[in-house]
Amino acid sequence: MASKMYQIKTFDRIAGVGLSRFPRERYAVGPESARPDGYILRSYKLHGQDVPDSLLAVARAGAGVNNIPVADYTRRGIVVFNTPGANANAVKEMVTAALLLSSRRILQGMNRVQELTDVTDAGEMARLLEKEKKQFAGGEIAGKTLGVVGLGAIGSMVANIALELGMHVAGFDPALSVEAAWRLSSRVQKVDSLEALLRCSDFVTLHVPAIEATRHMIDADALQRFKPGARLLNFAREEIVDVDAVVTALDEDRLAAYVTDFPAPVLLGRPNVLLFPHLGASTAEAEQNCSVMAADQLMDFLEHGNIVNSVNFPQTRMAREGGYRITFANDNVPRVLGAVLSVLADHNVNVIDMVNKSLQDVAYNIMDVESEPTPEIVRAIAAADGVIRVRVV
Ligand SMILES: NC(=O)c1ccc[n+]([C@@H]2O[C@H](COP(=O)([O-])OP(=O)(O)OC[C@H]3O[C@@H](n4cnc5c(N)ncnc54)[C@H](O)[C@@H]3O)[C@@H](O)[C@H]2O)c1
C-alpha cells in the first residue's frame, strides 16, 4: 500500500543514477537488508545463496541472467527482470565506428605514424607520410549497401544511422517485433531471406541473438553468397559466425574485411581483420541506462504489480483506475483463475478490471477490485490450487 516502506538490497556497484530513482520516503536501499523486497544487481552470482521469504523480484542491470537461478526463482514466484536494449545506443555507435574503420585504412595509417619514432625532423616526417599515404586510402560508405541481419534494439538503430550516413540499407528479420518496426525507418528495404540480403550488401552487420537457430548462421555456404569484396561485421556474439570459414573467405579475397568484438587466435595478425576486446556496450551511459531501467522496472512491479522485461514471467501491465489491486502468479493450468474469482465472489468483492497472461509454465494476473481485500481473502487466494504467490499492492 502507499505507506509501505520497501527494502532493496544492492549487490555489485550499481550506477548512482539508477539507485537515486528510488524515492527515499518509500525505499530503503543498500547492501544490507534484513527483509528485502527486491534485489538489484549486475553480475553477482545468486546460485547457491539462501532466498529470503520476503524476496519478490530481482532486477539485473544488463541483459544476460546466467548469474541468477531463474528456474528456482520462478517456482517461488520471484520475478526476474533484465534490461534489454539499454546498451543499444552504445553498440550502435561502436558499429558505426567499425563500419568507417573497415572502409578506410584509418587505423593502419595511424599505427604507421606512431612507428616513425626515429624521424626527428617534422618536414622529413611530412614528406615520408605524403609518399606513403596512398597505401592507406580507402572507400566511402555513402552510396554503398549495408545489410542488417536482425532488426531488434541494436539492428534497428544501426539501420537508421546508416541511412543518415548516406547508405542504402537492407534488413532481414523474420520475427521483427512491433516496437522495433515502429523504430525502423521506412527507407530500410526489408528482404525476406538471408540469402537475398547477402547478395545485395557491400557491408553485412549481424545483430541477432545467439540461439541454436543462429549458430554459425554465417558459415562457408553463406559466405559463398556474399558479394565479392564485401565486409562482415560481427558485434552480436562469437558463435554466430564460423570463424574458420571467414578465414578461408579472407584468404581467397572473397571477403575484404572481418570486423568483430569477439577476437579468436586464428584471426590475429591479419591485415584485413579488425578486432575489438568486446567493447560494444562499454560506455558509462550504457551502464547508467541499465541501472535506471532496472530500478524503474523493479519499482513498477513492487508498487503496481506491472511486469515489463521479465525473463521468467509474462509481460503484464494494467493502468490503475482506482480500487484495490491484487496480483497473483500461478501454474499455467486450467481452473486457477476460476478458483480465485470464486473466492472473490464468495466474499462479495467486485472486480473492476483484470488481465491474465501466461508464459510457458506460469501465468500472472493483475486484478483491480472495488473493496479492500481482507487478509482472509488473501489467504484463501493463496490456498487455491496452483496459486504460487499473491500480493495486494
Ligand atoms: N558487442 C556487445 O558488447 C554487445 C552488447 C549488447 C548486445 N550484443 C548482442 O547484440 C545482439 C542483438 O541484441 P539486441 O539487444 O538488438 O537484441 P534484440 O532481441 O532486441 O534483437 C534481436 C533481433 O534479432 C531477430 N532475429 C532472431 N533470430 C533471427 C534470425 N534467424 N534471422 C534474422 N533475425 C533474427 C529478432 O527477431 C530480433 O528482432 C545479441 O546477440 C546481443 O547478445 C552485443
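Just above, that's the structure.
Quick look at the structure, then. Just so it is clear, the structure is predicted and the values come from calculations on it, not from any experiment. (Residues numbered from 1 in each chain as written. Predicted model: local features only at pLDDT ≥ 70, side-chain atom pairs only at ≥ 80, totals over all residues. Heavy atoms only, no water.)

**Focus on the nonpolar core**
Argument step 1. Of all hydrophobic cores here, the largest spans 30 residues; its most connected members are Val149, Leu206, Ile218, Phe226 and Leu232.
Argument step 2. Elements supplying a minimum of two residues to this core: strand E7 (168–172), helix H8 (194–200), strand E9 (203–206), helix H9 (220–224), strand E10 (230–234), helix H10 (243–251) and strand E11 (255–260).
Argument step 3. Looking at this core element by element, the count peaks at five residues for H10.
Argument step 4. When near neighbours in sequence (up to four residues on either side) are disregarded, isoleucine 218 contacts Leu198, Leu206, Leu223, Phe226, Leu232, Ile240, Val241 and Asp242.
Argument step 5. Membership of the second largest hydrophobic core comes to 29 residues, among which are Ile14, Tyr27, Leu302 and Ile307. (Core = buried A, V, L, I, M, F, W, Y, C linked by side-chain atoms within 4.5 Å. Buried < 20%, exposed > 50% of the residue type's maximum accessible area, 1.4 Å probe, protein only. Helix = DSSP H or I, 4+ residues; strand = E, 2+ residues; numbered from the N terminus. Contact = heavy atoms within 4.5 Å.)

**Re the site of the ligand**
Argument step 1. Within the structure, the ligand sits among 23 residues, and Ala153, Ile154, Asp173, Val208 and Asp261 are positioned closest to it.
Argument step 2. Contacts to the ligand include isoleucine 154, whose backbone N or O atom sits 2.9 Å from an oxygen atom.
Argument step 3. A distance of 2.9 Å separates a nitrogen atom of the ligand from a polar side-chain atom of aspartate 261.
Argument step 4. For the ligand, whose free accessible area comes to 870 Å², the fraction covered by protein is 80%.
Argument step 5. Here the shell around the ligand is composed, by residue class, of 13 nonpolar, seven polar and three charged. (Near = heavy atom within 4 Å. Polar contact = N/O pair within 3.5 Å; in protein donor to acceptor, adjacent residues only side chain to side chain. Areas by Shrake-Rupley, 256 points an atom, 1.4 Å probe, with all protein chains shown as cover. Nonpolar A, V, L, I, M, F, W, Y, C, P; charged D, E, K, R; others polar.)

**Considerations on unusual backbone geometry**
Argument step 1. Although it is not a glycine, histidine 278 adopts a positive phi angle of roughly 50°.
Argument step 2. Within the secondary structure, histidine 278 sits in the loop between strand E12 (273–275) and helix H11 (284–304).
Argument step 3. One non-glycine residue, glutamine 360, adopts positive backbone phi at about 50°.
Argument step 4. Along the chain, the position of glutamine 360 falls in the loop between strand E14 (351–359) and strand E15 (362–369).
Argument step 5. The exposure class of glutamine 360 is exposed, given its relative accessible area of 69%.

**A word on the pattern of salt bridges**
Argument step 1. Evaluation of the coordinates by the stated rule reveals 17 salt bridges.
Argument step 2. Among the ionic pairs, arginine 21 bridges to aspartate 296, the shortest N-O distance being 2.8 Å. Pair noted here: arginine 21 is in the loop between helix H1 (16–19) and strand E2 (27–30) and aspartate 296 is in helix H11, with a separation of 275 residues, a long-range link.
Argument step 3. The partly exposed category is assigned to arginine 21, whose relative accessible area is 39%. (Salt bridge = Lys/Arg side-chain N within 4 Å of Asp/Glu carboxyl O.)

**Section: the environment of arginine 320**
Argument step 1. You can see arginine 320 is positioned in the loop between H11 and strand E13 (324–331).
Argument step 2. The residues contacting arginine 320, other than those within four sequence positions of it, are Glu303, His304, Arg325, Asp368 and Val393.
Argument step 3. For arginine 320, the side chain forms a polar contact with the main-chain oxygen of valine 393, separated by 2.6 Å.

**Some points on the packing of helix H3 (residues 88–103) against helix H6 (residues 153–164)**
Argument step 1. The contact between H3 and H6 brings their axes to 9 Å, and the two run at 45°. Accordingly, the angle class assigned to the pair H3 and H6 is oblique. Taken as a pair, H3 and H6 cross one another with a handedness that is right-handed. Of the residues in H6, those in contact with Ala88, Asn89, Val91, Lys92, Val95 and Thr96 of H3 are Ala153, Ile154, Met157, Val158 and Ile161.
Argument step 2. Among the residues forming the contact of H3 with H6, the class breakdown is eight nonpolar, two polar and one charged. (Axes fitted to C-alpha atoms, helices over the stretch in contact; angles between N-to-C directions. Parallel < 35°, antiparallel > 145°, perpendicular 65-115°, else oblique. Left-handed = near helix turned anticlockwise from the far one by under 90°.)

**With respect to the packing of helix H12 (residues 336–346) against helix H13 (residues 375–383)**
In a pair of packed helices, the angle between the axes and the distance between the axes together describe the arrangement.
Argument step 1. Where H12 contacts H13, the axes come no closer than 9 Å and their chain directions differ by 160°. One element, H12, and the other, H13, form an angle in the roughly antiparallel class. Relative to H13, H12 is oriented so that their crossing is right-handed. Facing Val340, Val343 and Leu344 of H12, the residues of H13 in contact are Ile377, Ala380 and Ile381.
Argument step 2. The residue inventory of the contact of H12 with H13, partitioned by class, reads six nonpolar, no polar and no charged.

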